[in-house]
Amino acid sequence: MLYSRYFIPTVKETPSDAEVVSHQLMLRAGMIRKLAAGIYNYLPLGLRSIRKFEAIVREEMNRAGAIEMLMPAVQPAELWQESGRWSFYGKELLRFKDRKDGEFCMGPTHEEVITDMVRREIKSYRQMPINFYQIQTKFRDEIRPRFGLMRGREFIMKDAYSFDVDSTTADGSYELMFKAYMRIFERCGLNFRAVEADTGSIGGSSSHEFMVLADSGEDAIVSCDACRYAANVEKAESRALEKSVAEEQLPLHKTATPDMKTIVDVAQFLGLSTERTIKTLIYSSESGEHVMALLRGDHELNEIKLKNCLGWDEISMATEEDILTITGSPIGFLGPLGLLSKITVIADLTVEGMVNAVIGANEKDMHYVNANLGRDVTPDRFADLRNVEAGDSCPRCEKGKLEVWRGIEVGHVFKLGTKYSKSLNATYLDADGKEQVIFMGCYGIGIGRTVAAAIEQNHDENGIIFPIPIAPFHCSVVALNTKDKGVMAAAEEMYFTLEKLGLDVLFDDRDERPGVKFKDNDLIGIPLRIVVGSKGLAEGKVEVKIRKSGEVLLLPPEEAVETIRLMVMEALASTF
Ligand code: 9G3
């Protein structure tokens, strides 16, 4: 491709409303341009990278036996009413009416659509397992779209759906997709983790998220430094911390803690560490149920774990008036003593081992010291309620320690079970002619988000450093002075030779100063570069520059071509 005939509107200054590096660089490199909040034009350079990643996804999905199709972006409300999700989702589901006043939505995902197709076409056990996938535009009306393609409202997703006769073969389909995802993200040269994840509102029995590690990631994940355990913090299991030294239980004693509302104030006031305190939180369900959660003062409640252990759909902190009604106490002095008959009390596993703890007395400005669960109050149950922290021991191998990372979710795979096949009555006849419900799985990859995540992980102060497999071009050929016929002839010769070898080459034939060309080529992140200049040519040499390492090789043109070809082929060889 000739740079002078292409369209790469690079920009020097960093856009003010771009908060993360990938958003800044994708704008500056002329890869995307915003049309509206969370809605982007994919400019030519951005589209080339998106298409490269899609090709890798297609290759691995096809290799796993999935079959590509394409579903509509516009979906009829009736299907969502059948699945019960039309009323479940709020403003995030973009709804509209057609000319006949029919209700539709812009598809945020396609469980209903694919299940509707399958319930009409798949009627026998002989037709399964089968897995359909598409690469298609989705719309989710996020409240706060930001970070460019990382959290857009309209975005490209690869979504796949597997259909099986039972949960065992469904597990097999899940495993196939899991392995395909590992290959996809490895082939892109990304540093990622597959982590156990919460299934969220989608339902189903289990799920894994694929997280690209990056400090700008919105998710927190943990991984064990000894075994392969890794989980989203939302789901990561924590162990009861070793019991505090066995000390004798002292008599319960109520003490004044004037205006000491926070755990830290109370602990400081009493000259104790927050580890000796128990914090009391009250949560409510949408249906008006309440629960009291007890945690060690220095731990954080994981609301998803609390919601899951209660089996609630939604969860929120109780209002001040609810708290006053239930406990008679203002916030900051809450505790379970004397309230067992009024509210369910669930304590985190670590609280069980605490001795002589400080806890709210359900009275303004009063706390108990030397509270001992089991003696002074017995919670209704103990559960894993807290967020794991770095340094916690691994819940799987016991000897490893957990490390916390920030991650960008680029993929999510779910075991759906019969959640959609039941509500949409997608059944099949088994070998005995008996009607059975189909078992499903669903598997998503954010296409644009993965390209953005790759940039988050691969950039420096000069711009993007594309991994070769998803680079818009493998190599650029920069002619230093386009006025010099010898230089242009040699540069064109290398450009055509590399193109004929099947490489994607950007020939920077612009009549621009070398500095401008180098800055642009650094910014747009082309991984390899050949620089042709009259001085070098006089010595029969050209420069090969490797963007990632900054290494510069001085080689004869033929050798330069061969070196580049080998580097690209090596990077593209799918390592499986
Ligand atoms: C909606 C809206 C937003 C949503 C959903 C539905 C997320 C929704 C979960 C999934 C699960 C999997 C197939 C590909 C992989 C992910 N946000 N989810 O169902 F109506 Cl507005 O999409 N779907």
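The structure presented is a predicted model; accordingly, all values stated were derived computationally and were not measured.

Quick word on the overall build of the protein chain
- Across its full length, the protein chain holds 16 helices and 31 strands.
- Taken along its principal axes, the extent of the C-alpha atoms in the protein chain is 95 × 65 × 50 Å.
- Out of the 576 residues belonging to the protein chain, those deemed buried represent 51%.
- Across the protein chain, every contact between residues at least 6 apart in sequence was considered, and the portion connecting residues at least 24 apart equals 69%.
- Taken as a whole, the protein chain presents about 25600 Å² of accessible surface, with 52% of it coming from carbon and sulfur.

Regarding the site of the ligand
- The full set close to the ligand counts 17 residues, and Trp80, Arg85, Thr109, Glu111 and Arg140 are the nearest of them.
- Within the side chain of Tyr89, an N or O atom sits 3.5 Å from an oxygen atom of the ligand.
- Glu111 places a side-chain nitrogen or oxygen 2.6 Å from a nitrogen atom of the ligand.
- In isolation the ligand exposes 510 Å². Once the protein is present, 91% of that is buried.
- Within the residue set of the shell around the ligand, elements represented by two or more residues are strand 8 (154-164) and strand 24 (439-446).
- By residue class, the composition of the shell around the ligand is 10 nonpolar, 2 polar and 5 charged.

Some words on the packing of helix 13 (residues 485-500) against helix 16 (residues 557-572)
- Contact geometry for helix 13 and helix 16: axes closest at 11 Å, N-to-C directions at 35°. Helix 13 and helix 16 meet at a crossing whose hand is right-handed. Note on element contacts: helix 16 touches helix 13 through Pro557, Ala560, Val561 and Ile564, opposite Met494, Thr497 and Leu498.
- Looking at side-chain class alone, the contact of helix 13 with helix 16 contains 6 nonpolar, 1 polar and no charged residues.

Side note on the domain arrangement of the protein chain
- Domain parsing of the protein chain yields domain 1 (47-74 + 106-237 + 404-456), domain 2 (253-383) and domain 3 (473-573).
- Each of domain 2 and domain 3 has a C-alpha centre, and these two points are 66 Å apart.

Describing the sheet that holds strand 30 (residues 542-546)
- The mixed open sheet is built from 5 strands, whose spatial order is 28-27-29-30-31. At either margin of the open sheet sits one strand with a lone partner, and together these are strand 28 (505-508) and strand 31 (552-555). Taking each pair of neighbouring strands and ignoring which way they run, the sheet shows an average axis angle of 20°.
- Bridge count between strand 27 (residues 475-479) and strand 29 (residues 528-532): 5 bridges; the pairing is parallel. The residue of strand 29 that forms the bridge with Cys475 is Leu528.
- Docked against the sheet, helix 14 (residues 514-524) engages strand 27, strand 28, strand 29 and strand 30, running at close to 175° with respect to strand 27.

What counts as what
- Residues numbered from 1 in each chain as written.
- Predicted model: local features only at pLDDT ≥ 70, side-chain atom pairs only at ≥ 80, totals over all residues.
- Heavy atoms only, no water.
- Helix = DSSP H or I, 4+ residues; strand = E, 2+ residues; numbered from the N terminus.
- Buried < 20%, exposed > 50% of the residue type's maximum accessible area, 1.4 Å probe, protein only.
- Contact = heavy atoms within 4.5 Å.
- Areas by Shrake-Rupley, 256 points an atom, 1.4 Å probe, with all protein chains shown as cover.
- Near = heavy atom within 4 Å.
- Polar contact = N/O pair within 3.5 Å; in protein donor to acceptor, adjacent residues only side chain to side chain.
- Nonpolar A, V, L, I, M, F, W, Y, C, P; charged D, E, K, R; others polar.
- Axes fitted to C-alpha atoms, helices over the stretch in contact; angles between N-to-C directions.
- Left-handed = near helix turned anticlockwise from the far one by under 90°.
- Domains from an automatic or database assignment.
- Pairing = 2+ DSSP bridges.

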